[in-house]
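Structure at a glance
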Amino acid sequence: MSETIHSTLEERRVFPPPADFAAKAHIGTRAEYEKLYRESIDHPEQFFGRIAEELHWFKKWDKVLDWQVPNAKWFVGGKTNVAYNCLDRQIDLGRGDKTAILWEGEPETAAGAGGEVRKITYKQLRDDVSKLANGLKSIGVKKGDRVTIYMPMVPEAAVAMLACARIGAAHSVIFGGFSSQAIADRVDDAQCTVIITADGGYRRGTVVPLKRNVDDALTKTDRVKKVVVLNRCNMPVADGVAPGSIAWKEGRDVWYHDLVGTQSADCPAEPMDSEDTLFVLYTSGSTGKPKGIQHTTAGYLLGTYLTTKYVFDMKPDDVYWCTADVGWITGHSYIVYGPLANGTTCLMYEGAPNHPDFGRFWSIIERHKVSVFYTAPTAIRAFMKAGKEFPQKHDLSSLRLLGTVGEPINPEAWMWYHTVIGHEKCPIVDTWWQTETGAIMITPLPGVTPTKPGTATLPFFGVDAAIVDRSGKELGPNEGGLLVIRKPWPSMLRSIFNDPERYAKTYWSDVPGYYFTGDGARRDNDGYFWIMGRVDDVINVSGHRLGTMEIESALVAHEAVAEAAVVGIPHEMKGQGIAAFVTLETGRRADEALKKDLIAWVRKQIGALATPDQIRFTESLPKTRSGKIMRRLLKEVASGNEVKGDVTTLEDFSVLAKLKEKDEG
Ligand code: WT7
């Protein structure tokens, strides 16, 4: 942990929930929130046991919680199935003909008309899921296996996740922007033998060559026996080298439509143990190797169900839209599992926010009468910059609630969202959580909590959040410290896949006995949490999490690079940008061509999201006597700041002087 915690902005504006919103909200008074919150903390078994009654169980649990730091078991002895709860249960509740997924594709059918639209009812979705589930069984997928999903944002991505859940296979979804190397690493780590993908996917007017990336990945690992390929883009089968074509490996590759075509739409949901793994999802940490965050069945289902219901105040006639990609935890919890477990109509959009222009999101909201909208601060900043003319061309009056997630939202962006998009009538829920937490943890309740621009406000039910120092001592109001969670919660990660020791060490050892989030924060006089960003070697680029060491490993894998140090720097649009300091092998020339080459190399090793904003060549890196790279110094150099603070442990002061010389690269 390298960074000192800086204090955040002073924000005094307060926005109470509109009275008419509060009057209709699931939870409409502060007293009700306080009462439920107290119960959830003081008597979690009673509280969560009662909530769990709202879900379907094949067999009821024997014990709500079994907790021994750092291992939690929720609903011990219970049997349930997440896909059953998202589909069959909704049909039983009379929602069979209701639209579950309302999808819009990216390519426009005519200028300004939006893309192709598909509406899939709960009944149809169950049929589609069951057919694919049977198809997966027919190619040998069994309960307990892992299946990789590398898909564009099409309904079949959700179908694939639910099909795995239905038969008890854990999915490992990989974001479509990741490179073939990243796919191979994740396939190997999770020991996947089947991949579900598509020929390609539409993004910003071009086709992302998903199948080609998978083929490339499979030259680096021989674990995968079957590749299921959805035909999304009608790419012809050829040698896979000709532009726009895909290659085909007989015996290994199978078309999605062929796999499901002959299958029965009847596939009974597998009764799963509460603690069986639902999925593994990779995220970055402070080492070079991404962690397979492991989530289980009942607790995750309960957490996503409950937060969706109360944080988004979900009502039967809502049209809800979360703009994330299913490749991230936000997509898992708030496009697929949470909304469907509530019987919601969930909008899914395939493409980019600015295709064909920055009006696309607003036209989608108008066209489909979206009422609840959940997006990221980085997107809001991009829209702000593009101008309010775009949203002003559209009727946004269907909106009643707005949300944000992924990084702290700066007050200007919050105010823009509030006025230009919400027309000052929609509460904004700024939701703090993580891949590891599975569900929203700190958030306003829209009918209850007065909001202030820039704070995620108060903890959700069952979340015992606190600001502490390293010894675990709670700090006073406005004192910056470490954000920890002191009690287990149902949707918490259970482990890092195949690495329980790393799990215990990463999350439960910095502040003994508590879950350490990796974030610094403070609480204000009203008890609101202000997140100040990561205090570990993780950076947040456009709401996406990257490990500095992960990018460093990619750089040193290049033959010209001897050493590399990567730091996050402030970035107007992305929140944080990436600066890389690089020393070269003897005899290599530090020139522009090599810079370009290194940038392309990192994109190839990890994906476009890891593209460095700056590469700086240097003769050596500043290190402490014990050999630790002094990232704090590099950060200041990269941000163009005067280097402040203690440099007496620097091994070689001349290194610093050389770094500061601008024209070195
Ligand atoms: C990190 C988790 C969970 C969804 C997307 C990101 C930062 C997330 C907020 C927020 C301030 C936030 C934190 C956290 N973060 N939401 N509302 N305010 N910071 O998931 O990739 O696991 O990243 O994102 O730093 O630790 P993730």
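In the block above lies the structure referred to throughout.
This is a predicted model, so every value here is computed, not measured.

Of note, the amide linkage connecting V69 to P70 takes the cis form, showing an omega dihedral of 0°. When you line up the elements, P70 lands in the loop between β1 (63-68) and β2 (71-76). In this structure, the amide linkage connecting H355 to the following residue, P356, adopts the cis form with an omega of -5°. Mapping P356 onto the fold places it in the loop between β17 (345-349) and α13 (360-368). A positive phi angle, close to 60°, is found at F75, a residue other than glycine. Looking at the secondary structure, you find F75 in strand β2. In this model, S542 sits at a positive phi of 50°, which is unusual for a non-glycine residue.

A word on the site of the ligand. The environment of the ligand is made up of 17 residues, and the closest members are D430, T431, T435, D519 and R545. Within the side chain of D430, a nitrogen or oxygen atom sits 2.7 Å from a nitrogen atom of the ligand. Here D519 contributes a side-chain N or O atom positioned 2.8 Å from an oxygen atom of the ligand. Protein burial of the ligand: of its 550 Å² of free accessible surface, 95% is covered by the chains. Among the elements of the structure, α12 (329-341), β20 (428-431) and β25 (529-534) are those that each provide at least two residues to the shell around the ligand. Its residues assigned to classes, the shell around the ligand shows six nonpolar, six polar and five charged.

A full pass over the atoms with the stated rule returns 44 salt bridges. Taking the shortest distance from any N to any O, the salt bridge between D313 and R400 comes out at 3.2 Å. A residue pair is termed long-range when its members are at least 10 positions apart, and D313 in the loop between α11 (298-311) and β16 (319-322) and R400 in the loop between α15 (389-392) and β19 (401-405) qualify at 87 residues. Accessibility expressed as a relative area gives 2% for D313, which makes it buried. Between R631 and E552 there is a salt bridge whose closest N-O contact spans 2.7 Å. Here R631, found in helix α20 (residues 631-638), pairs with E552, found in helix α18 (residues 548-556); they are 79 residues apart in sequence, far enough to count as distant. You can call R631 buried: its relative accessible area is 13%.

Each value, and the rule that gives it
- In this convention, every chain numbers its residues from 1, walking through the sequence in written order.
- Side-chain atom pairs in this predicted model are given and counted only at pLDDT of 80 or more, local residue features only at pLDDT of at least 70, and totals for whole chains, interfaces and linings cover all residues.
- Here the side-chain values reflect all heavy atoms present in the structure, with hydrogen atoms and water set aside.
- Only runs of H or I of at least four residues qualify as helices and only runs of E of at least two qualify as strands under DSSP, and these elements are numbered from the N terminus.
- Note on definitions. A residue lies near a molecule or strand when any single heavy atom of the residue is within 4 Å of it.
- Here a polar contact is recorded for every N or O atom pair within 3.5 Å, except that within protein the pair must consist of a potential hydrogen donor and a potential acceptor, and residues adjacent in sequence are included only if both atoms are side-chain atoms.
- Areas reported here follow the Shrake-Rupley algorithm with a probe of radius 1.4 Å; residue values treat only the protein chains shown as occluding.
- Each residue gets one label: Ala, Val, Leu, Ile, Met, Phe, Trp, Tyr, Cys and Pro are nonpolar, Asp, Glu, Lys and Arg are charged, and the others, such as Gly, are polar.
- What makes a salt bridge here is a side-chain nitrogen of Lys or Arg within 4 Å of a carboxyl oxygen of Asp or Glu, nothing more.
- Throughout, exposure labels follow a simple rule: accessible area from a 1.4 Å probe, protein chains only, divided by the maximum for the residue type, with under 20% read as buried, over 50% as exposed, and the rest as partly exposed.

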